[in-house]
Amino acid sequence: MEWLDVKIWLESETGLDRDALHIYGALFIQFLLAAFFRRSIGSIWPWFAVLLAAIANEYLDYQRVGETEASIALFQAEGLRDMWNTMVIPTALMIIARYWPNWMVGKAKKSDETQNNAQSENQLA
């Protein structure tokens, strides 16, 4: 079974179009490798794995491009869109996790901060 056949099968079985499969595939790879290697989403390595997978996918797609200028131009346009769809969310997640890790966590309530400070003082005493 060729790579294109696998992609067509995934598309028909999931009911998702290829653009959505790029997005979900990228997130799956990023989270799976971050968990497997016990790295943060803010680490460059899960993001880099997604980039390598996207490049490999485009390389395999390129193997099926015809030799006419029209087919090459179509491949280039599709390839750029595929790379965009694949990389935008993993890149955003990596940047947020790296530079603003507490952004979506929320702030501690005033009473929680007071209680934590009191516990810290008791441990020091």
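The structure this text deals with has already been given above.
Read on for a plain summary of the structure.

Definitions and cut-offs
Residues numbered from 1 in each chain as written. Predicted model: local features only at pLDDT ≥ 70, side-chain atom pairs only at ≥ 80, totals over all residues. Heavy atoms only, no water. 1 Å grid on protein atoms, 1.4 Å probe; cavity = no way out; pocket = protein on both sides within 12 Å on 5 of 7 lines; lining within 4 Å. Points joined across faces, edges and corners; volume = space filled by probe spheres on them. Helix = DSSP H or I, 4+ residues; strand = E, 2+ residues; numbered from the N terminus. Nonpolar A, V, L, I, M, F, W, Y, C, P; charged D, E, K, R; others polar. Axes fitted to C-alpha atoms, helices over the stretch in contact; angles between N-to-C directions. Parallel < 35°, antiparallel > 145°, perpendicular 65-115°, else oblique. Contact = heavy atoms within 4.5 Å. Phe/Tyr/Trp six-rings, centres within 6.5 Å; stacked < 30°, edge-to-face > 60°. Buried < 20%, exposed > 50% of the residue type's maximum accessible area, 1.4 Å probe, protein only. Expected span 1.5 Å × (residues − 1). Core = buried A, V, L, I, M, F, W, Y, C linked by side-chain atoms within 4.5 Å. Salt bridge = Lys/Arg side-chain N within 4 Å of Asp/Glu carboxyl O.

1. Description of the layout of surface pockets
Its volume calculated, the largest pocket comes out at about 410 Å³. Looking at the lining of the largest pocket, the elements with two or more residues in it are α1 (3-14), α2 (18-36) and α3 (44-62). Examining the composition of the lining of the largest pocket, we find that 8 residues originate from one element, α2, more than from any other. A breakdown of the residues in the lining of the largest pocket according to their chemical character gives 13 nonpolar, 4 polar and 2 charged.

2. Topic: the packing of α3 against helix α4 (residues 69-99)
Axis separation between α3 and α4 bottoms out at 10 Å; the angle between their running directions is 175°. In terms of orientation, α3 lies roughly antiparallel with respect to α4. Contacts between α3 and α4 involve Ile44, Trp47, Val50, Leu51, Ala54, Ile55, Glu58, Asp61 and Tyr62 from the former and Phe75, Gly79, Asp82, Met83, Thr86, Met87, Pro90, Thr91, Met94 and Arg98 from the latter. Looking at the contact of α3 with α4 residue by residue, the classes come out as 12 nonpolar, 3 polar and 4 charged.

3. What about the packing of aromatic side chains?
All told, the structure shown has 3 aromatic pairs when counted by the stated rule. Between the aromatic rings of Tyr99 and Trp100, the centroid separation amounts to 6.4 Å while the plane-to-plane angle is 65°, which identifies the pairing as edge-to-face. For Tyr99, a relative accessible area of 55% translates into the label exposed.

4. Examining unusual backbone geometry
What is expected of a backbone is that most residues other than glycine have negative phi and most peptide bonds are trans. Here the phi dihedral of Arg38 falls at roughly 55°; this positive angle occurs in a residue that is not glycine. Turning to its location among the elements, Arg38 is positioned in the loop between α2 and α3.

5. Comments concerning α1
With 12 residues, α1 extends 16 Å from end C-alpha to end C-alpha; this agrees with the ideal 16 Å at 1.5 Å per step. Downstream of α1 by a residue or two, Gly15 has a phi angle that is positive, lying close to 80°.

6. Some words on the nonpolar core
Core analysis: the largest hydrophobic core is formed by 7 residues, namely Ala26, Trp47, Val50, Leu51, Ala54, Met87 and Met94. Secondary-structure elements contributing two or more residues to this core are α3 and α4. In terms of residue count, α3 provides more of this core than any other element does, 4 residues in total. Each residue touching Leu51, except ones within four places of it in the same chain, is listed here: Met83 and Met87.

7. Digging into the pattern of salt bridges
A full pass over the atoms with the stated rule returns 4 salt bridges. The partner of Lys7 in a salt bridge is Asp61, and the shortest N-O contact between them spans 2.7 Å. Note that Lys7 is positioned in helix α1 and Asp61 in helix α3, a separation of 54 residues in sequence. A single burial state applies to Lys7 and to Asp61, both of which are buried. Of the charged contacts, one joins Glu78 and Arg81 as a salt bridge, the two residues approaching to 3.1 Å between their closest N and O atoms. In this pair, Glu78 and Arg81 both sit in helix α4, 3 residues apart, roughly one turn of the helix. Judged by its relative accessible area of 31%, Glu78 is partly exposed. Here the residues in one salt-bridge network are Asp19, Glu78 and Arg81, joined through shared partners.

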